[in-house]
Amino acid sequence: MRSRSLAAAVIGLAALVIATTSSASSTGTAAQTCVPKNNVEAIIDDSGSMIITDGDRLRVRAMELFIDNPANARRTLGALEFGTDAAQLFAPGPLTDANRAAMKSAINAAVNADNGLTDYNDAFAAAGAQNPTATARIFLTDGGHNNESSTPYDNSHRGGPPVYVIGLGVVGDSDQVLKQIAAETNGLYRPVDTASELQSAMFDVNAAIGCLATPITLRNTFTRQGQTAKRSIRLPGGVRSVNTALSWDDENDAFDIAGIHVVRKGKTVAAAKVRKLKITKRRGATNVTVKISRLVRGRLVFRLKATKLTGGGSAQLTTQVVRSRRR
């Protein structure tokens, strides 16, 4: 799962644009009316089919990326897994230093594609019971509603908070249901073709939950350990912080971001030792999340590095950047 075709990347990006536009139009409101959601309930599919669609458990890594994201420091998160039945992974709690490790451990231990079929009814009922005051839900699934009793989906998303849906390889009628869930709750539908896109999809969802712009996405292919790539993005006036995520597929590989500084007219105007940029970095098994604050106008320049490549061949690194006026 080291590489994807350019066509798949283009299709995924187009789907995000369409989904975001659809979600915005369904609300009938402008982007500036968006209110950040600070109490999130994650509903993670752990049905048996996930052993095929997500054999590397990248949905676990996607949740770890959300938990570690420094931009979520003031959020509350609860999580459950579902299949034939739904079960709590951890109760809602603040994303503090003290809680993050326990949350990640709970997800890593329980999410193993061992929960039978796919019952949306039980999933949404459990979410409502576990976190009745949630202001947003993340719903990640690889298939349509089905259970042994053949009870139809009861549309229990209605009346609840916005649902940010990640659909993994979902097509046909099931795809339409997921779009409906997102549209009817003023959420977002983010389809992905393969599990390799789950981490980047989660970062997109995270930005939408925080009422931030769609992330800028950069992709680099690395073929040897120690290889570097220099990248940059524009920082308009008023941007005070940047939220960044690096993600890849294979936990035997590792990447890093370094040399972070701001350049204007060829001169460095902000760095760790110049104007003292504030940088918060957290590492996961297949991702790195970074918040860079105290920024100024110019170009944000950074260096990406393959610090470990063990599987041979090439590895693709996805880098996402969200600019914000918040500090």
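Draft legend 1. Structural detail: the nonpolar core. Of all hydrophobic cores here, the largest spans 33 residues; its most connected members are Phe66, Leu77, Ile107, Ile138, Ile166, Leu198 and Met202. Per-element tally for this core: the top contributor is helix α3 (residues 58-68), with six residues. Not counting the four nearest positions on each side in its chain, Leu198 is found in contact with Asp54, Leu58, Arg59, Ala62, Leu140, Ile166, Leu168 and Val192. Listed in part, the 28 residues of the second largest apolar core include Phe222, Ile257, Leu295 and Ala306.

Draft legend 2. Looking closely at the state of the cysteines. Overall, the coordinates contain one disulfide when judged by the stated rule. Here Cys34 engages in a disulfide with Cys211; their sulfurs sit 1.9 Å apart. With the S-S dihedral at roughly -75°, the linkage between Cys34 and Cys211 falls on the left-handed side. Here Cys211 lies in the loop between α7 (198-209) and β7 (216-222) and Cys34 lies in the loop between α1 (6-27) and β1 (39-45), a separation of 177 residues in the sequence. Taking the relative accessible area as the measure of exposure, Cys34 reaches 31% and is therefore partly exposed. What makes Cys211 partly exposed here is its relative accessible area of 21%.

Draft legend 3. Spotlight on the packing of aromatic side chains. One pass over the full model with this rule turns up eight aromatic pairs. Consider the rings of Phe124 and Phe139, whose centres lie 4.9 Å apart with planes at 35°: the pair is tilted. Linking Phe124 in helix α5 (residues 120-130) with Phe139 in strand β4 (residues 136-141), this pair joins segments that are 15 residues apart in sequence. Taken as a pair, Phe124 and Phe139 share a single burial class, namely buried. Taken together, the ring pairs connect Phe82, Tyr120, Phe124, Phe139 and Tyr153 into an aromatic cluster.

Draft legend 4. Expanded view of the sheet that holds β7. The sheet built from five strands is open, its strands ordered β7-β15-β9-β13-β12 with antiparallel pairing. Edge positions in the open sheet fall to β7 and β12 (278-283), since each of these has one partner strand only. The mean angle between the axes of side-by-side strands here comes to 15°, regardless of whether they run parallel or antiparallel. Bridge analysis of β12 against strand β13 (residues 287-293) gives six bridges, and the strand direction is antiparallel.

Draft legend 5. Highlighting the confidence of the model for the chain. Here the chain averages 91 in pLDDT, while 90% of its residues score no lower than 70. Low pLDDT (under 50) marks residues 1-31, which in the prediction has 41 contacts with non-local residues, meaning those over four places away or in another chain.

Draft legend 6. Main features of the environment of Pro162. Following the sequence through the fold, Pro162 ends up in the loop between β4 and β5 (163-168). Sequence-wise, Pro162 and Asn186 are 24 residues apart; in three dimensions their C-alpha atoms are separated by 5.3 Å. Other than its neighbours up to four places away in sequence, Pro162 contacts Lys37, Thr135, Ala136, Arg137, Thr185, Asn186 and Gly187.

Draft legend 7. Just the pattern of salt bridges, in detail. Overall, the coordinates contain 13 salt bridges when judged by the stated rule. Across the pair Asp46 and Arg59 runs a salt bridge whose closest N-O atoms are separated by 2.8 Å. Of the two residues, Asp46 sits in the loop between β1 and α2 (50-53) while Arg59 sits in helix α3, which places them 13 residues apart along the sequence. Taken individually, Asp46 and Arg59 each receive the classification buried, so the pair is uniform in this respect. Close ionic contact of Asp68 with Arg100 constitutes a salt bridge, the shortest N to O distance being 3.5 Å. Taken together, the positions of Asp68 in helix α3 and Arg100 in helix α4 (residues 97-110) put the pair 32 residues apart, joining distant regions of the chain. The same class applies to Asp68 and to Arg100, which are both buried. Ionic contacts of the salt-bridge type, sharing partners, join the residues Asp68, Asp97, Arg100, Lys104 and Arg282 into one network.

The rules behind each value
Residues numbered from 1 in each chain as written. Predicted model: local features only at pLDDT ≥ 70, side-chain atom pairs only at ≥ 80, totals over all residues. Heavy atoms only, no water. Core = buried A, V, L, I, M, F, W, Y, C linked by side-chain atoms within 4.5 Å. Buried < 20%, exposed > 50% of the residue type's maximum accessible area, 1.4 Å probe, protein only. Helix = DSSP H or I, 4+ residues; strand = E, 2+ residues; numbered from the N terminus. Contact = heavy atoms within 4.5 Å. Disulfide = S-S within 2.5 Å. Phe/Tyr/Trp six-rings, centres within 6.5 Å; stacked < 30°, edge-to-face > 60°. Pairing = 2+ DSSP bridges. Axes fitted to C-alpha atoms, helices over the stretch in contact; angles between N-to-C directions. pLDDT = per-residue confidence, 0-100. Salt bridge = Lys/Arg side-chain N within 4 Å of Asp/Glu carboxyl O.

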